[in-house]
Amino acid sequence: MTAHDDTTHGETAGSESRPDEESDARTDGGALEPASGHAEAHDDGHDDHHGLGPTSSVKRWFVTTNHKDIGILYLVTSLGFLMMGGALALLMRAQLWSPRAPGAGPLSAFAYNQAVSVHGLIMVFWFLSPFAFGFANYVVPLQLGAKDLAFPRLNALSYWGYLASGLLLFASFFQGGTFAGGWTMYAPLNLPTFTPSVGGSAAVLALMLFVASVTVSSVNFLTTMHRMRAKGLTLRRMPLFSWTILLTVWMMLFAFAALLAALLILSADRLIGTTYFAQNGAAGAVLWTHLFWFFGHPEVYIVFFPALGVMAETFQTFTGRRIVGRKWFIAAMVLVALQSFIVWMHHMFLTSINLEIKTLFMATTIGISLPFDLMVFSLIYTMVKGRIRFKTPFLFSFGGLLLFIIGGITGVFLGAVVLDYEFRGTYWVVAHFHYVMVGGVTALIGGLYYWYPKITGRMYDEFLGKLHFGLYFVGFNLLYFPMFVAWETPRRVFDYSEGMTPWHRLATIGAVILGGSFLVMIYNLVVSAYSGEIAGDNPWKYSSTAEWAVSSPPPLENFPGVPTYGSGRLEFLGGSSDALDTTDDDGDGDGPAAAADGGETPTAGAGDAIANADAAMSESVSADAAMDEAARADAAMDEAASADAAMAESATADAVTGSAVREDVAPEPSIPADEAHEDGVHASHASIWPALIGGSFLLLFLGLSGYTGGSFPEGAMGTAYAAATGLGFLAVLGSLIGMARERFVGPAGPFGESWPFAKVSNMKTGMWIFLASDVVLFGAFIGAYVFLRFASGWVAWEPIPNNIMPGLINTYILLTSSFTVILALEAAERESRKGVVASLLATLLLGLGFLGNKAIEWEHLFHQGIWLSENVRASTFFLTTGLHGAHVIVGLLVTLYMIPRAWSGAYLGESEPIEYFGLYWHFVDIVWLFLFPLFYIL
Amino acid sequence: MLGVVTLLGGVLGPAQLVPDGTRAEVFQRIYEVFLLLGTVVGVVVIAYMLYKAYKYRESAEHGAEEGRPELGELPSGGGGGRKLFLSFTLSAIIVLSLISWTYFTLLYVENPEPAGDADPITVEVIGHQFYWEFVYPNGHSTQGELVVPEDRRIRLEVTATDVFHNFGVPELRAKADAIPGQQTDTWMIAEDTGTYQANCYELCGAGHSHMTGTVRVVTAEEFETWYANTTNESANATANESSNESVTAAATLARPDAGSVTPTATAPRDARLADPDAQFADPVRRAGFGTPRAAVASTASGGEPA
């Protein structure tokens with residue numbers, strides 16, 4: 001990005017400065033040059049408008065909501081975490097240089113376990129996915145023909161949440177040692193009884209914050225990808241990298257919801273003393289394995305799919321052949337994405353699951369390996385009759401595929417249950433998943449080189465790139481292949497048998513080479529960013545996707561006109577005439593038509609910004625509870641805190657919907673960018689609030705990490721943690737309100753292809769998608785309850801409330817409140833102000849009645865001495881209904897915000913915000929219809 | 001494909017198709033077939049890949065310049081679907097037949113016929129931070145060392161008292177998760193007398209790396225003599241006592257705040273942990289599994305008077 005200005009200069013000189021072999025290759029790119037020149041100017045003009053400043057200013061990076069900037073932030077940050085995870089890996093490899101007696105070697109046993117655990121957590125969560133999502137952020141909107149993601153501020157919020165969670169994880173090392181129970185966090189080792197350090201809780205909370213930001217991101221990407229594709233770019237026609245990202249975010253939406261449930265329960269166990277995973281429980285440990293692996297297996301594909309996408313793109317570009325069997329490739333991926341949710345128990349073959357289940361999961365596991373065969377063959381056959389250029393990106397992709405083949409074959413070993421029995425917990429598994437996952441990383445590094453000229457406008461040094469590949473590939477195989485040979489070594493053990501020493505030493509040497517190769521890469525990429533050759537718009541022969549049709553780097557709003565594939569080829573309509581020269585001459589006439597139906601001013605209620613504020617407030621309620629409790633240790637308050645951890649999440653999650661609503665300020669009004677600018681309605685590109693929210697959450701979660709077993713510790717540290725919690729809470733509240741009140745104009749339609757949500761607004765689509773993940777969240781909570789109840793004998797488990805009346809009354813109250821929301825919607829449609837206000841007020845009162853009734857009920861239970869840490873029955877009751885209660889509180893805060901707005905006539909004839917709120921509210925009611933029988937009657 | 005079949009036949013040889021016997025034998029047979037086929041498939045596929053990459057390098061100028069991907073085109077696929085499906089079918093056949101073959105072995109492993117004429121012995125294996133406890137049918141309990149007769153099926157009922165462990169004896173190919181509140185069953189047969197090492201295969205805390213045990217396989221007669229001398233009461237008394245100490249020690253280990261595995265000097269096991277020399281003093285090894293830890297564990301049986 002620093003090359004920004006030079007790029008503009010270099011525009012005309014582009015073809016000369018291109019690498020020699022490529023210069024004659026561009027058959028069609030040349031025509032695009034003028035267009036990008038135009039775009040560049042366009043962009044510069046806008047930077048000032050939107051308060052972004054130049055890329056060299058620090059401020060820009062804190063306020064930007066632009067997908068390309070955020071993509072760069074993701075890439076740089078994730079590479080930072082790669083260094084951190086790599087440093088931990090090198091520490092481990094140093095410890096493994098020889099078999100070590102206790103206390104010998106550079107690391108203590110506790111330090112080694114921390115290194116093992118956090119290495120895994122960082123690489124899987126804080127490096128791999130965010131690295132892939134750096135590309136997703138940068139490239140996907142370009143490939144789709146979208147100006148930005150559907151909710152740009154939420155995108156920034158995801159990034160800042162990610163960074164905050166990573167910083168918290170880093171801080172956890174200094175809080176008495178971080179989490180040391182492995183990245184799989186098996187119960188009950190994950191409880192304070194066995195991993196008591198404050199840093200342990202901080203790491204769990206950090207992961208929770210990370211997951212919350214992933215959920216925000218998933219909703220954002222899904223809405224964007226389903227709603228905002230260029231005309232003619234149907235799902236079937238979507239470029240393969242975008243396809244892999246689409247499937248990845250769908251898997252993320254559901255898999256991470258399950259992980260969120262697991263982490264909420266774990267945090268409740270750690271912080272406020274519920275007993276889900278307690279060692280004396282009958283099935284807590286197995287429950288964790290189910291929850292974790294239900295997330296954990298899709299996670300494998302979540303981290304690998306983007307790499308597959310990079311392979312597909314680079315294979316096509318560098319072989320000059322279209323992907324063989326492209327539609328089967330896509331079908332195979334869809335199949336894998338679906339199937340990934342029914343293979344998780346193959347991680348549990350040695351637990352007490354029975355033979356029938358093992359057979360079933362063996363079959364699904366083998367089933368899921370087959371589509372990958374097809375994809376691999378498809379990539380290999382793509383090379384046939386190609387014109388393969390062994391540029392750095394291709395070398396990495398090719399190498400990545402090769403490594404993945406080895407990872408895949410060794411994975412088939414694990415699919416055979418009898419072999420899996422013996423490989424479980426050994427270096428075979430370690431070697432296998434490193435070949436698969438780091439194989440994926442290899443391809444992603446290829447992606448980094450591939451898109452580097454697009455991102456920076458300059459070309460990396462080819463020789464250094466190849467040198468990097470050579471060192472990387474040798475280092476990789478030296479590091480991981482010996483692990484297959486020394487597979488009898490138990491995992492996470494540094495006292496291995498002496499016969500294995502040479503292999504482990506070889507691996508350590510490989511690790512140093514692999515790590516060192518990244519220094520070459522960093523040197524290359526940093527230096528080239530300043531002094532590399534100007535790359536031009538399209539440095540790669542045979543590239544075909546839309547990101548190569550715009551300047552390098554692309555202008556702020558991406559395209560010189562409205563991108564469309566309406567004629568079968570990419571064109572930019574409605575921009576200046578030179579923009580239309582793209583590739584074809586036909587179709588110019590569509591330009592005005594596309595813009596014709598614009599012109600409406602933004603309407604949909606800025607009102608729903610409320611959701612933000614209230615999400616924040618729900619948080620406040622819970623955090624308050626936590627603090628009060630710390631002070632008084634009073635039973636009643638303590639319960640309120642049970643929902644605390646839960647709420648922290650739901651607050652975050654709802655902040656999603658909240659600001660999603662807000663950003664829909666200009667949802668349907670269809671103003672093409674250029675028109676809009678002339679009217680003075682600019683799409684916004686800057687907001688400081690996401691960064692502030694991220695920072696506030698960091699402070700809040702840092703404070704909460706000190707909260708253990710229902711109270712803050714004594715002494716100065718305890719006070720500091722309590723203060724951080726309080727301040728963090730206030731800051732979260734303040735920044736969420738700030739974001740809600742900010743006027744922000746998101747990207748506006750009309751969009752070309754929106755299947756299957758053509759008739760639904762971005763906001764509504766986002767709400768539905770968010771609710772889908774909430775279904776999984778509650779599903780996991782209910783599943784956990786049912787699982788534990790079965791384990792302790794279904795009948796022997798008495799429901800906690802001895803009186804079903806409060807629950808029954810609450811059922812009626814909630815159902816009635818759903819009805820009043822419908823009345824409000826109906827009143828808004830016939831423009832009756834009083835009707836809207838009265839119905840919303842009724843909803844608020846009914847909701848308050850629900851909460852009051854529940855408070856009385858809980859108060860009674862506390863008086864009977866039933867407390868959430870009493871037993872697992874009580875834990876499930878209070879935590880699950882508490883999570884639901886938190887959702888009710890969020891809903892009421894939204895209502896509270898909407899009533900005064902309704903009084904001033906906000907929703908008359910524009911009932912969408914009420915409709916969106918209604919969706920949420922009905923969902924909350926439906927959840928209660930499941931909870932009531934489960935927890936009161938059965 | 002034909003070659004593969006021949007190779008497969010060669011490995012299976014005259015033996016019956018579904019291997020049985022001890023778990024070590026079963027594992028070895030299947031592992032060898034997988035390793036062989038895996039290597040063959042891997043080498044063939046990767047060699048093919050490298051060959052094609054070389055053959056179609058740009059300087060070889062294969063194919064026409066037209067018909068190549070162009071900037072701004074709607075993505076579409078290249079041809080070659082038939083070959084793709086042929087390869088896919090071939091790989092599916094290999095994988096499916098291999099897995100179904102091992103499935104029958106799984107059925108055997110899950111539900112073995114009685115081996116030998118003696119009844120199996122059932123031993124309860126209990127994982128603690130950070131040692132193994134073995135409880136015999138007569139209530140006798142030992143720590144760190146499991147004594148079993150040769151050529152007789154040992155049923156293991158595995159559980160844990162504190163955290164998730166995994167009990168595994170690599171040479172005998174027995175392994176099972178040790179989960180608090182749950183029991184998992186597995187079995188093993190040792191054909192030769194000697195000392196084998198047991199490991200913990202699930203991260204269980206600061207002492208995980210050194211949570212080993214010994215399986216001492218003796219002749220049937222020796223076992224009978226040994227077993228006859230064990231009694232419920234005395235063994236339990238000792239076991240309880242030393243187990244208490246070990247638990248104290250374990251608690252120390254479990255507190256990461258303590259910094260590292262710095263054992264207190266109260267229990268014999270801790271003395272072992274504290275003295276690395278003692279740990280490597282007595283190299284009882286078995287071919288291919290030269291593990292000094294095995295030797296250590298044998299001196300650490302918790303039955304010793306404290």
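**Observations regarding the pattern of salt bridges**
Per the counting criterion, the structure on display carries 17 salt bridges over all chains. The partner of R387 of chain A in a salt bridge is E65 of chain B, with the nearest N and O atoms 2.7 Å apart. Residue R387 of chain A is located in the loop between α13 (355-382) and α14 (392-415), and its partner E65 of chain B is located in the loop between α2 (23-55) and α3 (81-110); the two belong to separate chains. By relative accessible area, which is 11% here, R387 of chain A ends up buried. The salt bridge involving K466 of chain A is made with E462 of chain A; its shortest N-O contact spans 3.8 Å. Remark: E462 of chain A and K466 of chain A occur in helix α17 (residues 462-485); sequence separation between them is four residues, near one turn of the helix. Looking at K466 of chain A, the relative accessible area reads 36%, which means it is partly exposed.

**Details of the interface of chain A and chain B**
Contact residues are listed per partner, giving 116 residues for chain A and 102 residues for chain B. With both sides pooled, the region where chain A packs onto chain B buries about 9,600 Å², and carbon together with sulfur makes up 65% of that total. The largest contributions to the chain A side of the interface with chain B come from R322, R387 and E422 of chain A, which together make up 8% of the buried area. Inspection of the region where chain A meets chain B yields 10 salt bridges. Linking E202 of chain B and R424 of chain A is a salt bridge whose minimum nitrogen-to-oxygen distance equals 3.0 Å.

**Here we look at the sheet that holds strand β5 (residues 154-160) of chain B**
Residues and elements named next belong to chain B. Read from one edge of the open sheet, five strands run β3-β2-β1-β5-β8, paired in mixed fashion. The open sheet is flanked by β3 (141-143) and β8 (184-188), the only strands paired with a single partner. Pairwise comparison of adjacent strand axes, ignoring direction, gives a mean angle of 25° for this sheet.

**With respect to the sheet that holds strand β10 (residues 213-218) of chain B**
Residues and elements named next belong to chain B. The five strands are arranged β4-β10-β9-β6-β7 in an open sheet whose pairing can be described as mixed. Every interior strand has two partners, whereas the edge strands, β4 (145-149) and β7 (174-178), have only one. Neighbour-to-neighbour, the strand axes of this sheet turn through a mean angle of 20°, independent of strand direction. Both β4 and β10 contribute to a ladder of five bridges, which runs parallel. Bridge pairing links P149 to V218 in β10. Across the face of the sheet, helix α4 (residues 220-228) comes into contact with β4 and β10 while running at roughly 125° to β4.

**Section: the packing of aromatic side chains**
Within the structure shown, the criterion is met by 110 aromatic pairs over all chains. Measuring from ring centre to ring centre gives 5.1 Å for F315 of chain A and F394 of chain A, while their planes differ by 55°; the resulting arrangement is tilted. Here the residue F315 of chain A occupies a position in helix α11 (residues 284-319), and F394 of chain A occupies one in helix α14, the gap between them amounting to 79 residues. Geometry around W903 of chain A places R833 of chain A over its ring, the cationic atom sitting 4.8 Å from the centre. In this structure, K175 of chain B packs its charged tip against the face of Y201 of chain B, placed 4.0 Å from the ring centre.

**Observations regarding a nonpolar patch on the surface**
Residues and elements named next belong to chain A. Among the surface-exposed residues, W97, F481, V485, W503, L506 and I509 lie close enough to one another that they form a single nonpolar patch of about 500 Å² accessible area. Contributions of two or more residues to the nonpolar patch are made by α17 and α18 (501-531). With three residues, the top contributor of residues to the nonpolar patch is α18. Residue placement: V485 occurs in helix α17.

**Quick notes on a negative patch on the surface**
Residues D20, E25, D151, E191 and D192 of chain B make up a contiguous surface patch of negative charge. Tracing the chain through its elements places D20 of chain B in the loop between α1 (2-12) and α2.

**A few points about the side chain of S543 of chain A**
Note that S543 of chain A resides in the loop between α18 and β1 (562-564). Classification of S543 of chain A as buried rests on a relative accessible area of 1%. A distance of 2.7 Å separates the side chain of S543 of chain A from the side chain of N538 of chain A, its partner in a polar contact. Not counting residues within four places of it along the chain, the set of residues in contact with S543 of chain A comprises T317, Y450, N538 and W548 of chain A together with E70 and L71 of chain B.

**Concerning the confidence of the model for chain B**
All names here are of chain B. Of the residues in chain B, 68% have a pLDDT of 70 or more, and the chain-wide mean is 75. Taken together, the stretch residues 233-306 has pLDDT below 50 and engages in 126 contacts with residues farther than four places along the chain or on a different chain. If you check the scores for this complex, the pTM reads 0.84 and the ipTM reads 0.83.

Scoring rules and cut-offs
Residues numbered from 1 in each chain as written. Chains lettered and ligands numbered in written order. Predicted model: local features only at pLDDT ≥ 70, side-chain atom pairs only at ≥ 80, totals over all residues. Heavy atoms only, no water. Salt bridge = Lys/Arg side-chain N within 4 Å of Asp/Glu carboxyl O. Helix = DSSP H or I, 4+ residues; strand = E, 2+ residues; numbered from the N terminus. Buried < 20%, exposed > 50% of the residue type's maximum accessible area, 1.4 Å probe, protein only. Contact = heavy atoms within 4.5 Å. Buried area = accessible area lost by both parts, 1.4 Å probe. Pairing = 2+ DSSP bridges. Axes fitted to C-alpha atoms, helices over the stretch in contact; angles between N-to-C directions. Phe/Tyr/Trp six-rings, centres within 6.5 Å; stacked < 30°, edge-to-face > 60°. Lys NZ or Arg CZ within 6 Å of the ring centre and 35° of its normal. Patch = residues over 30% accessible without salt bridge, like charges linked within 9 Å, V, L, I, M, F, W, Y side chains within 5 Å. Areas by Shrake-Rupley, 256 points an atom, 1.4 Å probe, with all protein chains shown as cover. Lys, Arg positive; Asp, Glu negative; His and termini not counted. Charge placed at Lys NZ, Arg CZ, Asp CG, Glu CD. Polar contact = N/O pair within 3.5 Å; in protein donor to acceptor, adjacent residues only side chain to side chain. pLDDT = per-residue confidence, 0-100.

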